[in-house]
Amino acid sequence: MSEQMSVSRATFDEVMVPNYNPAAIIPVRGQGARVWDQEGKEYVDFAGGIAVNVLGHCHPALVSALKEQGEKLWHLSNTMTNEPALRLAKKLTDATFAERIYYANSGAEANEAAFKLARRYALDHFGAGKDQIISFNKSFHGRTFFTVTVGGQAAYSDGFGPKPGAIDHLDFNDLAGLEALISDKTCAVIMEPMQGEGGIIPAEQAFIEGVRALCDKHNALLVFDEVQTGMGRSGYLYAYQKYGVTPDILTSAKSLGGGFPIGAMLTTAKIAASLKVGTHGSTYGGNPLACAVAEAVMDVVNTPEVLDGVKQREAWFREHLAAINAKYDVFKEVRGMGMLLGAVLSDKYQGRARDFLTAAVDEQLMVLVAGMDVVRFAPSLVISEADIKEGMARFERAVAKVAAA
Ligand SMILES: *Cc1c(COP(=O)(O)O)cnc(C)c1O
């Protein structure tokens, strides 16, 4: 085998498009909730690849699914179906409200399919003119031009020319606002059951129930973007099950592949019928490798041991964070559900979430931010109590540094 060339963080600035600004370290290996960088320095991972590595790094069930499928069949295209795609679809439909599955490669693509389907379904059943999509401020639905325009941060869609139209935004949890805006021209309301990128903001129970009722009243489809909250992260397979409010379309990605790129759109047979042959597609959607890994993720996650374990881990996280806060008084609130938690910075530290992230990396801990005021945690659902303890000891040192600065 030829010798591998050596690369460093400096190489990034020489060869990569500058749309990201990655940390100074380059991780090379991961196992469970630990990661090692080029220098062999070890980190505790509370970030999970931005809520993706739902079973940590190199979980044996996922590695073995990947290896096994990797020696069988990698790709076919949608001119033929394949066994892993069908088995995964069967498991997803058995475990949820859904009766039909569409595969994509990412969250944005799953949402793109959902929005196109909602528009087409409205056209099929109610005629032209029912095309309004209602979304919420601070929501995040991906970076394709349609999905980023539906998302609730105009800054992300500004500067790229004319935007897709008939999209309106309201404040999250503002039911009266929705009641005033929604009409028979609305084809879909799209929401995250808990806003992730927007700051770990759960939907209020009355709001999510009210949205469902208003959608029913106006024949609008309710789309839940569970790209971040889905696949066990909330302590339920999908967060809608926690709320007891069922959407018409649900999108899943991130944790679904446990680190392998895959997205899925889940819906009913009646709604799915509007995506007839030829109306939408993707070269890689339903790729056997991706589906084999996601099937293994689903087999492990959708068990009482793992889902109940998430609730236990949430309690441990909250205890540690409360103890740290009792000493340093840096958080206003810890909110979220399951293994998707946000520590909201108190007024004194407004806008400084990134300082906590940077201090954490210095202490060999990976965390996330959600906006400028929230430190976000999205670790493995099976992270050990010992790893949580060690990670929190490191987080306390990081907090102490920021508080003393
Ligand atoms: C990450 C995310 C997306 C986009 O997923 P990609 O795989 O990056 O395209 C969409 N919606 C939500 C809620 C997300 O958190």
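What you are looking at is a predicted structure, and each value in this text was computed from that prediction instead of being measured.

Criteria and cut-off values
Residues numbered from 1 in each chain as written. Predicted model: local features only at pLDDT ≥ 70, side-chain atom pairs only at ≥ 80, totals over all residues. Heavy atoms only, no water. UniProt positions renumbered as here; feature names shortened; annotations may be inferred. Contact = heavy atoms within 4.5 Å. Helix = DSSP H or I, 4+ residues; strand = E, 2+ residues; numbered from the N terminus. Buried < 20%, exposed > 50% of the residue type's maximum accessible area, 1.4 Å probe, protein only. Pairing = 2+ DSSP bridges. Domains from an automatic or database assignment. Buried area = accessible area lost by both parts, 1.4 Å probe. Salt bridge = Lys/Arg side-chain N within 4 Å of Asp/Glu carboxyl O. Polar contact = N/O pair within 3.5 Å; in protein donor to acceptor, adjacent residues only side chain to side chain. Phe/Tyr/Trp six-rings, centres within 6.5 Å; stacked < 30°, edge-to-face > 60°. Axes fitted to C-alpha atoms, helices over the stretch in contact; angles between N-to-C directions.

Turning next to the UniProt feature "modified residue: N6-(pyridoxal phosphate)lysine" (unreviewed entry) in the protein. Here the UniProt-annotated "modified residue: N6-(pyridoxal phosphate)lysine" (unreviewed entry) positions come out as Lys254. Contact partners of Lys254, with chain neighbours within four places excluded, come to Ile50, Ala51, Val52, Glu197, Val227, Gln228 and Ile262.

Further remarks concern unusual backbone geometry. Even without a glycine there, the phi angle at Asn173 is positive, about 70 degrees. By secondary structure assignment, the location of Asn173 is in the loop between strand E6 (167–170) and helix H8 (175–181).

On strand E17 (residues 374–377), burial covers both faces: Val374 and Arg376 on one face and Val375 and Phe377 on the other are all buried. Where strand E14 (residues 340–345) and E17 come together, four bridges link them in antiparallel fashion. Looking at the pairing, Val344 lines up with Val374 of E17. The pairing of strand E16 (residues 368–369) with E17 spans two bridges and is classified as antiparallel. Looking at E17, one finds that Val369 is bridged to Val375. Taking the residues that link successive antiparallel strands as the turn, the E16-E17 hairpin has four residues, and the phi of Gly371 there is positive, at about 80 degrees.

Each domain of the protein was delimited in the assignment, giving domain 1 (9–58 + 304–404) and domain 2 (73–301). For domain 1 and domain 2, the distance between their C-alpha centroids amounts to 27 Å. Summing both partners gives a buried area of about 2100 Å² for domain 1 against domain 2, and 66% of it is carried by carbon and sulfur. Contact with domain 2 buries area across many residues of domain 1, yet Leu307, Met337 and Leu340 alone supply 30% of it, more than any other trio. Among the ionic pairs, Arg376 bridges to Glu197, the shortest N-O distance being 2.9 Å. Joining domain 1 to domain 2, the criterion identifies nine residue pairs in polar contact (both at pLDDT 80 or more).

Moving on, we get to the packing of aromatic side chains. Summed over all chains, the structure comprises 13 aromatic pairs. With a centroid separation of 5.8 Å and 70 degrees between ring planes, the pair formed by Phe136 and Phe172 is classed as edge-to-face. Of the two residues, Phe136 is situated in strand E5 (residues 132–136) and Phe172 in the loop between E6 and H8; the sequence distance between them amounts to 36 residues. Accessibility assignment for this pair places Phe136 and Phe172 in one class, buried. With a centroid separation of 6.3 Å and an interplanar angle of 90 degrees, the aromatic rings of Phe140 and Tyr156 are classed as edge-to-face. With Phe140 in the loop between E5 and helix H6 (145–150) and Tyr156 in helix H7 (residues 154–157), this residue pair connects regions lying 16 residues apart in the sequence. Joined through ring pairs, the aromatic side chains of Phe46, Phe317, Phe331, Phe377 and Phe395 make up one cluster.

The subject of this paragraph is the sheet that holds strand E3 (residues 42–45). Pairing is mixed in the open sheet, where four strands are placed in the order E1-E2-E3-E15. In this open sheet, the two edge strands, each paired with only one partner strand, are strand E1 (27–31) and strand E15 (365–366). Looking at chain direction, E3 and E15 are connected through two bridges and run parallel. Of the residues in E15, the one forming a bridge with Val44 is Leu365. Against the sheet, helix H15 (residues 385–404) engages strand E2 (34–37), E3 and E15, with an angle of about 105 degrees to E3.

The element strand E7 (residues 186–191) is extensively covered by neighbouring structure, given that six of its six residues are classed as buried. When E7 meets strand E10 (residues 221–225), the two strands line up parallel, connected through four bridges. Paired with Val189 across the two strands is Leu222, which belongs to E10.

Applying the stated criterion to the full structure yields 24 salt bridges. Among the salt bridges present, the one from Arg318 reaches Glu314, with a minimum N-O distance of 2.9 Å. Placement of the pair is Arg318 and Glu314 together in helix H13 (residues 304–328), with a separation of four residues, close to one helical turn. Look at the salt bridges and you will find they share partners, linking Arg34, Glu42, Asp387, Glu390 and Arg394 into a network.

So, on to the environment of Val399. Counting through the fold element by element, Val399 comes out in helix H15. Here Val399 falls in the buried class, since its relative accessible area comes to 0%. In this structure, Val399 is in contact with Ile324, Tyr328, Val330 and Phe356, ignoring residues within four places of it in sequence.

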